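Next come the chains, spelled out residue by residue.
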Amino acid sequence: MSPTTTFENLQAAFPHWTIWRSSADRLWATRNQRLTDRQLSHGLRHTIDADDADQLVAQLRDQEELATGLLPQ
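None of these values were measured; they are calculated from a predicted model.

Caption draft 1: Highlighting the sheet that holds strand 2 (residues 27-31). Ordered by their spatial adjacency, 3 strands build an open sheet running 1-2-3, and the pairing between neighbours is antiparallel. With partners counted over all chains shown, the strands left at the sheet margins are strand 1 (17-21) and strand 3 (47-50), one partner each. Averaged over neighbouring strand pairs, the angle between their axes works out to 20 degrees when direction is ignored. Direction of pairing for strand 2 relative to strand 3: antiparallel, over a ladder of 4 bridges. Paired with threonine 30 across the two strands is threonine 47, which belongs to strand 3. Against the sheet, helix 3 (residues 53-69) makes contact with strand 1, strand 2 and strand 3, and its axis sits at roughly 150 degrees relative to strand 3, the strand it touches most.

Caption draft 2: Inspection of the environment of aspartate 62 at higher detail. The residue aspartate 62 is located in helix 3 in this model. Overall, the relative accessible area of 47% leaves aspartate 62 in the partly exposed class. Each C-alpha atom of the pair aspartate 62 and leucine 44 lies 9.1 Å from the other, and the pair is 18 residues apart in sequence.

Caption draft 3: Representation of the nonpolar core. Formed by Leu10, Phe14, Trp17, Ile19, Leu27, Ala29, Ile48, Ala50, Ala53, Leu56, Val57 and Leu60, the largest nonpolar core amounts to 12 residues. When residues of this core are assigned to their parent elements, the largest contribution, 4 residues, is made by helix 3. Contact partners of phenylalanine 14, with chain neighbours within four places excluded, come to Val57, Leu60, Arg61 and Glu64.

What counts, and where the lines are drawn
- Residues numbered from 1 in each chain as written.
- Predicted model: local features only at pLDDT ≥ 70, side-chain atom pairs only at ≥ 80, totals over all residues.
- Heavy atoms only, no water.
- Pairing = 2+ DSSP bridges.
- Helix = DSSP H or I, 4+ residues; strand = E, 2+ residues; numbered from the N terminus.
- Axes fitted to C-alpha atoms, helices over the stretch in contact; angles between N-to-C directions.
- Contact = heavy atoms within 4.5 Å.
- Buried < 20%, exposed > 50% of the residue type's maximum accessible area, 1.4 Å probe, protein only.
- Core = buried A, V, L, I, M, F, W, Y, C linked by side-chain atoms within 4.5 Å.

Function cannot be read off these values alone, since they describe shape.
Right, here's the structure in full:
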């Protein structure tokens, strides 16, 4: 992570996720809520991982975009 990208910054930017670094030195994010079968089939994921902060942020933004496109039923 760059000096300006801290876990606190990531967590503040994505408050609906818990973010951590694994012992394998990968970044992970897990949602703070359960997803429905409909949300999962639409492409939303409970947990994502990435090699670095930029990749993780890109995936988190993709997840937000997918969630926005999913209208409630």
